Amino acid sequence: MFAVSIRFAVVALLALVVSGGAASSQSPQAPSDTDVTALTGVRIIDGTGRPAIERGTLVFTNGRITAAGASVQIPAGATRVDLAGKTVMPGMINAHAHVQHLTKAMPIRDDLVRRLRLYASYGITTAVSLGQTTTDEQAEVIRLRDEQDRIPLDRARVYTSGPSIRNQKTPDEVRQTINRYADQKVDRIKTHVASSMTPEVYAALIDQAHARGLRAAAHIFSLKEAEMVLERGVDVIAHSVRDEDVTPSFIAELKRRNVGYIPTLTRDLSLVVYESTPAFFTDPFFLRGMSVYREQVELLSEPGYQRKVRENPQTKVVKAALAQGTRNLKILSDAGVTIALGTDSGTDEGRWQGYFEQVEIEMMAKAGMTPMQVIVAATGAAAQVSKLDHVGTIAAGKAADLLVLDANPLRDILNTRKIHSVWIGGRRMSTSGTN
């Protein structure tokens, strides 16, 4: 569905690129000082949209994929893991997440790490945090990011934009802000459109981000806002258009500029679903995250809180916006726009890190996307939109960030919840939440 670039050199002795259903090449025996693992008997969904490979083998060496296909020779000395009948796909990527210090009774690092572990336990192996809240929090997220390519990981990978940029008055001011963020080593830039900046300032923001080698993502609501930042070179539309149908000209421009679109349907769901106690509060799959979720569950279960949601005039507005966003997702997906998984989880009450990514892909399927389209949105396309070339697909040289499922998600997207195991950098994780 799109070209997959590889930033890292393929391991010298084992060079294989996945090809849908085709027999793959073989490799010589791995050196004795390498850590080689082979997952055998698996259905391989590679994250590109190509047909699944049945009864395949996937080999990774020192945390990097080295071979995958229907007829792979397993190197001597490899650790074999028999996964006959199971499905392996790339670990999912949340292209619009938030990794924030919300539990103030805990040290910042401890809270951030447990939230990244929670993401991983639900199959989200990479979180792109589009918005931090404090300088200390941002610095800790950057430290976690800088560590993740040097150590065995026990949590999801993380990347950050720093705080969303708002209320800049002049092009010079916003360029200075971008330079400060870039000097702090953020990975990308995030901005809110409805925040009193002029089109001239947005143009300077995006231009300076690009000058510093950073992609720019925009928080939008309306088609007018989305068109304004698109015309000025934005790289990512970070929410749905929720006020009217997208137009053919908007679609054509998204495709011409290769701009990614992140629906974040669960962002709006979180503003309306707590009119009453949602059924998922008793879902065992949700309850696995209660060590992190409990405090907010108790708040959202209070009759007074639910009454405020019911009586809030904005609830009706958001319901209509959610319906419009869902409709636009179908229109854009059918038109071939690049769609990426994103949820806005990890900020306000009831935006559940981990669980809501699973709800989001269910909602994307209900909007009319096929299971394969949804899987690509959650893997290869999310990596493409986020410019993370080392994750997102199963191909030689990519990180062995993998989600192993007990059932086939191409038959039912809800099967992404039937998690057998999660692997990050070739290391098998616990999938029992953070308990």
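Summarised in this report is the structure supplied together with it.

## Brief notes about the environment of Ser196
- Looking at the secondary structure, you find Ser196 in the loop between β9 (188-192) and α4 (199-211).
- Contact partners of Ser196, with chain neighbours within four places excluded, come to Asn167 and Lys169.

## Some remarks on the pairing of strand β14 (residues 419-424)
- For β14, the tally of buried residues reaches five of six residues, placing the bulk of the element in the interior.
- Note: β14 against strand β15 (residues 427-429), three bridges, orientation antiparallel. By the bridge assignment for β15, Ile424 is matched with Arg427.

## Examining helix α5 (residues 223-231)
- Looking at α5, one finds that the buried residues are Leu223, Glu225, Ala226, Met228, Val229 and Leu230.
- Taken together, the buried residues of α5 touch α4, β10 (215-219), β11 (236-237) and α6 (248-257).
- The positive-phi residue at the C-terminal boundary of α5 is Gly233, with phi of around 100°.

## Remarks on the pairing of strand β2 (residues 53-61)
- Most of β2 sits out of view: seven of its nine residues are buried.
- Here strand β1 (residues 36-44) runs beside β2; their pairing, made up of seven bridges, is antiparallel. Each residue of the ladder has a partner; that of Thr40, found in β2, is Thr57.
- The antiparallel hairpin formed by β2 and strand β3 (residues 64-69) contains two residues in its connecting segment, where Asn62 sits at a positive phi of about 50°.

## A short note on the sheet that holds β11
- If you walk across this open sheet you meet the four strands as β9-β10-β11-β12, and the pairing is parallel. Strands with a single pairing partner mark the edges of an open sheet, and in this sheet they are β9 and β12 (260-261).
- Pairing of β11 with β12, which is carried by two bridges, proceeds in the parallel orientation. Bridging from a neighbouring strand, Val236 pairs with Gly260 of β12.

## Things to note about helix α7 (residues 265-272)
- Counting buried residues in α7 gives seven out of eight residues, a clear majority hidden from the surface.
- Those residues of α7 that fall on the buried side of the exposure criterion are Leu265, Thr266, Arg267, Asp268, Leu269, Ser270 and Val272.
- Looking at the buried side of α7, the elements it contacts are β10, α10 (303-311), α11 (313-335) and α12 (355-367).

## A word on the side chain of Ser345
- Among the secondary structure elements, Ser345 is positioned in the loop between α11 and α12.
- Looking at Ser345, its side chain comes within polar contact range of the side chain of Tyr119, at 2.7 Å.
- Discounting residues that sit within four places of it in the chain, Ser345 has contacts with Asn94, His96, Ala97, His98, Tyr119, Arg351, Trp352, Gln353 and Glu357.

## Here we look at the packing of helix α3 (residues 171-183) against α4
- Contact pair α3 / α4: the axes reach a minimum separation of 8 Å and the direction vectors enclose 30°. Between α3 and α4, the crossing angle belongs to the class labelled roughly parallel. Between α3 and α4 lies a crossing whose hand is right-handed. Contact residues: α3 offers Pro171, Val174, Arg175, Ile178 and Asn179, while α4 offers Glu200, Val201, Ala204, Leu205, Asp207, Gln208 and Ala209.
- Considering only residue class, the contact of α3 with α4 consists of seven nonpolar, two polar and three charged.

## Brief notes about the pattern of salt bridges
- Scanning the model with the defined rule gives 30 salt bridges in all.
- Here Asp111 makes a salt bridge to Arg115, at a shortest N to O gap of 3.0 Å. Linking Asp111 with Arg115, this pair stays in helix α1 (residues 108-121), spanning four residues, or about one helical turn. Here the two residues Asp111 and Arg115 agree in accessibility, since each one is buried.

## Quick word on the side chain of Asp344
- Here Asp344 is to be found in the loop between α11 and α12.
- Owing to a relative accessible area of 6%, Asp344 belongs among the buried residues under this scheme.
- Of the polar contacts made by the side chain of Asp344, one reaches the side chain of His98; its length is 2.6 Å.
- Beyond its immediate stretch of four places on either side in the chain, Asp344 contacts His96, His98, His239, Thr264, Arg267 and Arg351.

## A few points about the packing of aromatic side chains
- By the definition in use, this model includes 16 aromatic pairs.
- Seen from their ring centres, Phe280 and Phe356 are 6.1 Å apart, and the 70° between their planes marks the pair as edge-to-face. Of this pair, Phe280 sits in the loop between α7 and α8 (284-287) while Phe356 sits in helix α12, and the two are 76 residues apart along the sequence.
- With a relative accessible area of 13%, Phe280 lands in the buried category.
- The exposure class assigned to Phe356 is buried, which follows from its relative accessible area of 1%.
- Between Phe286 and Tyr293 the ring centres are 4.9 Å apart and the planes differ by 20°, which places this aromatic pair in the stacked class.
- Taken together, the aromatic side chains of Tyr122, Tyr274, Phe280, Phe281, Phe285, Phe286, Tyr293, Trp352, Tyr355 and Phe356 make up a single cluster linked through ring pairs.
- A cation sits over an aromatic face here: Arg288 above Tyr122, 5.4 Å from the ring centre.

Definitions and cut-offs
Residues numbered from 1 in each chain as written. Predicted model: local features only at pLDDT ≥ 70, side-chain atom pairs only at ≥ 80, totals over all residues. Heavy atoms only, no water. Helix = DSSP H or I, 4+ residues; strand = E, 2+ residues; numbered from the N terminus. Contact = heavy atoms within 4.5 Å. Buried < 20%, exposed > 50% of the residue type's maximum accessible area, 1.4 Å probe, protein only. Pairing = 2+ DSSP bridges. Polar contact = N/O pair within 3.5 Å; in protein donor to acceptor, adjacent residues only side chain to side chain. Axes fitted to C-alpha atoms, helices over the stretch in contact; angles between N-to-C directions. Parallel < 35°, antiparallel > 145°, perpendicular 65-115°, else oblique. Left-handed = near helix turned anticlockwise from the far one by under 90°. Nonpolar A, V, L, I, M, F, W, Y, C, P; charged D, E, K, R; others polar. Salt bridge = Lys/Arg side-chain N within 4 Å of Asp/Glu carboxyl O. Phe/Tyr/Trp six-rings, centres within 6.5 Å; stacked < 30°, edge-to-face > 60°. Lys NZ or Arg CZ within 6 Å of the ring centre and 35° of its normal.

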